[in-house]
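Notes for the structure review
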Amino acid sequence: VEADQRSLPTPCADYDVAALMDHIVGWAQVFAAGSTGTAFPPDPAGYHCGDDPAGELRVAAADIVDGWATHGLDRTVKVTSGESPGQMVFTMTLMEYLTHGWDLAVATGQAVPFTEDEAAVTWRRAEGMLPDEYRGEGMPFGPVVAVADDAPTLDRLVGYMGRHPQQ
């Protein structure tokens, strides 16, 4: 992300590019701590990236992968609001990074870096976990956006997550 792109809007109406990067990196640190069983940082909502957000994200992402690979998914994982099943936290992580990764790529004119298989796994897991009561005004997710059944899987995933894939 270039410096002159940081004030651009994103498909996630709550964030411009700079705020979305802060959100992505702050929550990556929380998910890394949860997956590794270590103490997590202060409230991710107040996190602000330093001079190398991509580097910060790479470090947290490596910790996330290592934590799940080392400790597995079938356990209880602590995140900011308490403990949750590991499978659920893993799904939340996938949803967070495919959806917001798409948001960031679209906002900055970059290619979306996810495969059909990655989108399919995330969508399948999200459908089993994301109830309607988390959607709508003042909620973390927007209403489902209708997308054609023959659209690419990533478009159907972001529609399910409340985005308009045509953006």
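Within each chain, residue numbers correspond to sequence positions counted from 1 in written order. Given that the model is predicted, a residue must reach a pLDDT of at least 70 before its local features are reported, and side-chain atom pairs must reach 80 or more before they are shown or counted; all residues, however, enter totals for whole chains, interfaces and linings. Note: side-chain values were computed over all heavy atoms of the structure, leaving out hydrogens and water.

**Re the overall build of the protein chain**
Helix and strand definitions here come from DSSP, where helices need a minimum of 4 consecutive H or I residues and strands a minimum of 2 consecutive E residues; each element is numbered from the N-terminal end. Counting its regular elements, the protein chain contains five helices and two strands. Scanning the protein chain from its N terminus toward the C terminus, one meets helices and strands in the order α-α-β-β-α-α-α. Put simply, the radius of gyration uses C-alpha atoms, and a globule should come to 2.2 Å times the residue count raised to 0.38. Here the protein chain has a C-alpha radius of gyration of 16 Å; the compact-globule value for 167 residues is 15 Å, and the two agree. Dimensions along the principal axes, computed over C-alpha positions, put the protein chain at roughly 40 × 40 × 30 Å. Taken across its 167 residues, the protein chain has 40% of its residues classed as buried. Note on definitions: a residue-residue contact is assigned when non-hydrogen atoms from the two residues lie within 4.5 Å. Of the contacts formed within the protein chain by residues at least 6 apart in sequence, a portion of 59% connects residues at least 24 apart. Entry remark: accessible area of the protein chain is about 9,000 Å², with carbon and sulfur atoms responsible for 54%. Residue burial is assigned from relative accessible area. The probe radius is 1.4 Å, only protein chains are included, and a residue is buried under 20% of its type maximum, exposed over 50%, and partly exposed in between. The Shrake-Rupley method, run with a 1.4 Å probe, gives the accessible areas here. Residue values count only the displayed protein chains as cover.

**Here's the deal with the state of the cysteines**
Where two cysteines share a covalent bond between their sulfur atoms, that bond is called a disulfide. By definition, disulfides here are pairs of cysteine sulfur atoms that lie within 2.5 Å. Applying the stated criterion across every chain yields a total of zero disulfides. The closest cysteine sulfur to the non-disulfide-bonded Cys12 is located on Cys49, 15 Å from its own sulfur. Classification of Cys12 by relative accessible area gives buried; the value is 10%.

**Digging into the nonpolar core**
To form a nonpolar core, buried Ala, Val, Leu, Ile, Met, Phe, Trp, Tyr and Cys residues must be joined to one another through side-chain atoms within 4.5 Å. With 20 residues, the main nonpolar core has Ile64, Val89 and Leu104 as its most contacted residues. The element that contributes the greatest number of residues to this core is helix H1 (residues 17-36), accounting for nine residues. Dropping the residues within four chain positions of it, Leu104 is found in contact with Val1, Val17, Leu20, Met21 and Ile24. Grouped together as the second largest cluster of nonpolar side chains are 12 residues, Trp123, Leu157, Val158 and Tyr160 included.

**Some details on the pattern of salt bridges**
We define a salt bridge as a side-chain nitrogen of Lys or Arg found within 4 Å of a carboxyl oxygen belonging to Asp or Glu. Scanning the model with the defined rule gives two salt bridges in all. Here Asp103 makes a salt bridge to Arg163, at a shortest N to O gap of 2.8 Å. Placement of the pair is Asp103 in helix H3 (residues 86-108) and Arg163 in the segment after helix H5 (153-160), with a sequence separation of 60 residues. Of the two residues, Asp103 and Arg163, both sit in the buried class. Notably, a salt bridge pairs Arg135 with Asp132, separated by 3.9 Å at the nearest N-O pair. Of the residues examined, Arg135 reaches a relative accessible area of 12% and is grouped as buried.

**Remarks on the pairing of strand E2 (residues 82-85)**
Note on pairing: DSSP must find at least two bridges between two strands before they are called paired. Looking at chain direction, strand E1 (residues 76-79) and E2 are connected through four bridges and run antiparallel. From the neighbouring strand, Val77 faces E2, where its bridge partner is Ser84.

**Considerations on H5**
An α-helical segment advances 3.6 residues per turn. Residues three or four places apart therefore align on the same side. Within H5, six of the eight residues are buried, which leaves it mostly tucked inside the rest of the structure. Three or more residues of H5 are buried, namely Thr153, Leu154, Leu157, Val158, Gly159 and Tyr160. In the segment just after H5, Gly162 is the residue with positive phi, at about 95°.

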